[in-house]
Amino acid sequence: MQVNREHIGIFGKMNSGKSSLMNLLTQQETSITDSTPGTTADTKIALIELHGLGPVKLFDTAGLDEKSLLGEKKKSKVLNVLKECDLAIVVINPATDDFATEAFLIEKARGMDKQMLVVFNLFDTAMPFDDKLYQKMPLLKFYPSLSLEAINLQERDRLIRFILNNYEATGIHNELLPFVEPDEFYILNIPMDEETPEGRFLRPQSMAVEYITRKWAYPVAYRMDLKAARGEKAEAEKKRFDTFINGLMKRPKVVVTDSQAMDIMAKWTPEDIGLTTFSIMMINYGSNGRIDEFYEGAKVLNDLKGGDKILIAEACNHSRIQEDIGTVQIPAVLKQINPEVKVEFNFGREFQENECLSSYKLIIHCGACMISNQKLQARLRDLRSVGVPVTNYGVFLSWVQGHKALERVMEPWISE
Ligand code: SF4
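Residues numbered from 1 in each chain as written. Predicted model: local features only at pLDDT ≥ 70, side-chain atom pairs only at ≥ 80, totals over all residues. Heavy atoms only, no water.

**Some thoughts on the site of the ligand**
Logical step 1: Surrounding the ligand, one finds Glu-314, Ala-315, Cys-316, His-318, Cys-366, Gly-367, Ala-368, Cys-369 and Met-370.
Logical step 2: Tallied by class, residues from the shell around the ligand come to 6 nonpolar, 2 polar and 1 charged. (Near = heavy atom within 4 Å. Nonpolar A, V, L, I, M, F, W, Y, C, P; charged D, E, K, R; others polar.)

**What to know about unusual backbone geometry**
For residues that are not glycine, phi is negative in most cases, and the peptide bond is trans in most cases.
Logical step 1: One non-glycine residue, Asn-15, lies in positive phi territory at about 60°.
Logical step 2: One non-glycine residue, Ala-368, lies in positive phi territory at about 60°.
Logical step 3: Within the secondary structure, Ala-368 sits in the loop between strand E13 (362-365) and helix H14 (373-386). (Helix = DSSP H or I, 4+ residues; strand = E, 2+ residues; numbered from the N terminus.)

**Topic: the domain arrangement of the chain**
Logical step 1: Per the domain assignment, the segments making up the chain are domain 1 (6-166), domain 2 (185-281) and domain 3 (291-399).
Logical step 2: Its C-alpha centre places domain 1 at a distance of 49 Å from the equivalent point of domain 2. (Domains from an automatic or database assignment.)

**Focus: the sheet that holds strand E5 (residues 115-121)**
Logical step 1: Spatially, 6 strands are ordered E2-E3-E1-E4-E5-E6 in an open sheet, and the strand pairing comes out mixed. This sheet does not close on itself; its edge strands, each paired only once, are strand E2 (44-50) and strand E6 (145-148). Averaged over all adjacent pairs, the angle separating strand axes in this sheet is 25°, with direction ignored.
Logical step 2: Of the strand pairs in this sheet, E5 and E6 are connected by 4 bridges, and their pairing is parallel. For Val-119, the partnering residue across the bridge sits in E6 and is Leu-146.
Logical step 3: Its contacts with the sheet place helix H1 (residues 18-26) against strand E1 (6-12), E2, strand E3 (54-60), strand E4 (87-92), E5 and E6, and it is angled at close to 160° to E3. (Pairing = 2+ DSSP bridges. Axes fitted to C-alpha atoms, helices over the stretch in contact; angles between N-to-C directions. Contact = heavy atoms within 4.5 Å.)

**Notes on the pairing of E3**
Logical step 1: Taken across its 7 residues, E3 has 5 buried, putting it largely inside the fold.
Logical step 2: The pairing of E1 with E3 spans 5 bridges and is classified as parallel. Bridged to Glu-6 within E3 is Val-56.
Logical step 3: In the sheet, E2 pairs with E3 via 7 bridges, with the strands oriented antiparallel. When the bridges of E3 are listed, Ile-48 appears paired with Val-56.
Logical step 4: Linking E2 to E3, which pair antiparallel, is a turn of 3 residues; within it Gly-52 sits at a positive phi near 100°. (Buried < 20%, exposed > 50% of the residue type's maximum accessible area, 1.4 Å probe, protein only.)

**Quick word on the packing of aromatic side chains**
Logical step 1: Taken as a whole, this structure holds 10 aromatic pairs when the rule is applied.
Logical step 2: Measuring from centroid to centroid gives 6.4 Å for Phe-179 and Tyr-186, while their planes differ by 45°, and the two rings are tilted. In this structure, Phe-179 and Tyr-186 share a single accessibility class: buried.
Logical step 3: Members of the aromatic cluster, each reached through a chain of ring pairs, are Tyr-222, Phe-241, Phe-244 and Trp-268.
Logical step 4: Above the plane of the ring of Phe-104 lies Lys-75, whose end atom (NZ or CZ) is 5.0 Å from the centre. (Phe/Tyr/Trp six-rings, centres within 6.5 Å; stacked < 30°, edge-to-face > 60°. Lys NZ or Arg CZ within 6 Å of the ring centre and 35° of its normal.)

**Side note on the sheet that holds strand E9 (residues 254-257)**
Logical step 1: Taking strand neighbours across the sheet as the criterion, the 4 strands line up as E8-E7-E9-E10 in an open arrangement whose pairing is parallel. At either end of the open sheet lies a strand with only one pairing partner, and these are strand E8 (218-222) and strand E10 (274-277). Along the sheet, successive strands turn relative to each other by an average axial angle of 25°, direction set aside.
Logical step 2: Bridge count for E9 against E10 is 4 bridges, and the pairing is parallel. Note that in E10 the partner of Val-254 across the bridge is Gly-274.

**Concerning the pattern of salt bridges**
Logical step 1: Per the stated rule, a full pass over the model turns up 20 salt bridges.
Logical step 2: A salt bridge links Lys-13 to Glu-102; the shortest N-O distance between them is 3.3 Å. Of this pair, Lys-13 sits in the loop between E1 and H1 while Glu-102 sits in helix H3 (residues 100-111), placing them 89 residues apart in sequence. In this structure, Lys-13 and Glu-102 share a single accessibility class: buried. (Salt bridge = Lys/Arg side-chain N within 4 Å of Asp/Glu carboxyl O.)

**A closer look at the packing of H1 against helix H5 (residues 156-166)**
Logical step 1: Here H1 crosses H5 at 90°, and the two axes come no closer than 9 Å. Considering the angle they form, H1 stands roughly perpendicular to H5. Contacts between H1 and H5 involve Leu-21, Leu-24 and Leu-25 from the former and Arg-156, Leu-159, Ile-160 and Ile-163 from the latter.
Logical step 2: Of the residues belonging to the contact of H1 with H5, the class tally is 6 nonpolar, no polar and 1 charged. (Parallel < 35°, antiparallel > 145°, perpendicular 65-115°, else oblique.)

**Things to note about helix H12 (residues 325-337)**
Residues lying three or four places apart along an α-helix face the same way, a consequence of the helix completing one turn every 3.6 residues.
Logical step 1: Of all the bends in H12, the greatest measures close to 25° and is centred on Pro-331.
Logical step 2: Against strand E11 (309-314), strand E12 (342-347), E13 and helix H15 (393-399) lie the buried residues of H12.
Logical step 3: Capping the start of H12, Asp-324 holds a side-chain oxygen 3.4 Å from the backbone nitrogen of Gly-326, two or three residues further along. (Bend = angle between axes of the 7 residues up to and from the residue. Polar contact = N/O pair within 3.5 Å; in protein donor to acceptor, adjacent residues only side chain to side chain.)

Below, the structure is given as structure tokens:
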């Protein structure tokens, strides 16, 4: 049977202690350690079970700094392992002077959105190391690090704790709509506008339909006329919505709405029916269930001051309509909260450098349906490392409707 394993790669220069670290983790001589440069001729693999993490495939890679034709081949193999692994552990001997190889590795891993941990292998525990390596590898400061003596078997527990405390396992079973129960009805409110493509639902919508159906429950799509609901025909539109809800043979459990309709849905959704948004669903899914982080981030909105910078981040470059949510609706609300707030934008798959990120008071992120969960999680790690809070379109647009609406959209995600 195929077992889903976390892939953890150990990287670094020749003789930095990668193999010792591998042996420390496997508790056996999986890798031969020797001070002869290039002892790890090729990548060594070990399948182990780490308590708290589950099945793991460990890779002990060759030194990236080996200078020969064979060394070049090994290098490309090492970089392939880097692509394959979920976590890169970079082993550094801080007593050396040249950190070009490590800097190269860190940049490569960062470019691939890898989770990364740094282990300083102390060959001489009495020798303190200064911060020269942080000057030579500025990116280092964004990654958790641990100093240890890799050949000391007593260090194993500390090393494992360090990994468990800092690594977000990819194997966490992440549910799209964890509250869905069999035989229940779930309403998907899909207003549709000029930019809505014909012939298909958008990705979050079709994912929700598939998920609810798979769970033996009943997804029911409803198209709300938002213009009518907000204008003179509001009464007729409300009547149409009530007729739809009351026409179902069973009371629906939860309405999942387009976040833009929160101004209407917060008022119109009957109290006995749950309410949340597609954007919240997607960001919770992509962040591996970290919706709390986006809820906490929204608290910054209560305390916005003139001159505060807010970044609106969308993970794609979709075509924009007149009333675009990211470029028009959200900035307009922010200006109402405080006209002196500065709003900036980040569109597309590439995210800002951490140096730039740290200047923001808050990031308001879209549902991120067009990037991988790994990529979104890399963004969130960057934000955590610079201490900048983040919220999400769905959370933001619910917050705008008041405390009760915000608590309501969060309620389905609180596990009992
Ligand atoms: S990536 Fe973001 S902006 Fe683009 S379609 Fe998905 S939720 Fe909308």
